[in-house]
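Structural overview for review
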Amino acid sequence: RRPEKIAMLVYLAAYLLRDGESLLPVAQRDGTSLVLPNLIVSEDQTSSTIKPQAIREVFYADCSDEDVTLGEMLLAPEALAPAVTPIHITDERFGRVPRVYIECLQDKVVPVPLQRHLYAKLPFSAEKDLAPVTMIGSLPLILTVPASLPAKSVKDLVALAKARPGTLNFASPG
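One structure accompanies this document, and this report is about it. Source: prediction; values computed, not measured.

Helix and strand content of the protein chain: seven helices and seven strands. When the helices and strands of the protein chain are placed in sequence order, the string is β-α-β-β-α-α-β-α-β-α-α-β-β-α. Considering only contacts in the protein chain between residues 6 or more positions apart, those separated by 24 or more positions represent 56%. Total accessible area on the protein chain stands at roughly 11100 Å², and carbon and sulfur atoms take up 58% of it.

Two faces belong to every sheet, and in a regular strand the side chains alternate between them. Of the two faces of strand β5 (residues 99-102), both are covered, the one formed by R99 and Y101 as well as the one formed by V100 and I102. Two elements, strand β1 (residues 9-12) and β5, share four bridges in a ladder whose sense is parallel. Looking across to β5, one finds that L9 is bridged to R99.

Turning to the side chain of S48, a few remarks are in order. Note on placement: S48 falls in strand β3 (residues 47-50). Judged by relative accessible area, which is 10%, S48 ranks as buried.

Further remarks concern the sheet that holds strand β2 (residues 39-41). Within a sheet, neighbouring strands are paired by backbone hydrogen bonds and run either parallel or antiparallel to one another. Read from one edge of the open sheet, three strands run β2-β3-β4, paired in antiparallel fashion. The sheet is open, and its two borders are formed by β2 and β4 (78-79), each paired with just one other strand. Relative to β4, β3 runs antiparallel, the two sharing two bridges. Bridge assignment links S47 to a residue of β4, and that residue is A79.

Taken together, L70, M73 and L74 make up a surface patch of nonpolar side chains, about 350 Å² in accessible area. The class of L74 is exposed, set by a relative accessible area of 64%.

For the rest of this paragraph, the subject is the environment of E4. By the secondary structure assignment, E4 is in the segment before β1. Between the C-alpha atom of E4 and that of V97, which follows or precedes it by 93 residues, the distance is 7.7 Å.

Definitions and limits used
- Residues numbered from 1 in each chain as written.
- Predicted model: local features only at pLDDT ≥ 70, side-chain atom pairs only at ≥ 80, totals over all residues.
- Heavy atoms only, no water.
- Helix = DSSP H or I, 4+ residues; strand = E, 2+ residues; numbered from the N terminus.
- Contact = heavy atoms within 4.5 Å.
- Areas by Shrake-Rupley, 256 points an atom, 1.4 Å probe, with all protein chains shown as cover.
- Buried < 20%, exposed > 50% of the residue type's maximum accessible area, 1.4 Å probe, protein only.
- Pairing = 2+ DSSP bridges.
- Patch = residues over 30% accessible without salt bridge, like charges linked within 9 Å, V, L, I, M, F, W, Y side chains within 5 Å.
- Salt bridge = Lys/Arg side-chain N within 4 Å of Asp/Glu carboxyl O.

Remember, this is a structural readout, not a statement about activity or role.
Written out as structure tokens, the structure reads:
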């Protein structure tokens with residue numbers, strides 16, 4: 001509601017929807033995601049979760065057994081309404097917020113071809129506008145910052161965030 005307060009949105013292997021789109025139809029465009037074939041919808045059709053035997057493969061790839069166990073304990077059914085409700089965004093509001101997209105090459109939830117489709121119309125160049133900082137997570141995920149930001153390591157980024165509280169934003173897939 002206040003785009004002037006947001007410096008930049010960073011999407012990490014996330015669903016970047018356009019005006020009038022909803023998540024489920026967009027997710028169905030790519031038949032390689034492991035989510036839809038492993039989805040369990042509640043009897044009342046209001047929530048969903050993932051088949052227990054598929055949790056590691058879908059979400060935790062090469063994580064340790066300890067991390068998978070913790071992840072399984074933290075998983076909870078998700079409401080379906082947001083997945084089927086079209087979003088409404090406008091160029092004059094949301095369109096003014098700079099956006100970047102971080103591709104995750106081994107993501108099993110939002111596969112690479114779908115990621116590329118989602119960010120194809122963003123007004124940025126991954127080669128020119130992003131600089132690698134470090135590799136994080138087990139997918140592997142990559143932490144990046146705009147090339148213009150004076151952070152060349154995670155330590156630099158943390159120091160910058162502490163020096164400029166409330167001015168840096170981030171996003172994650174969950």
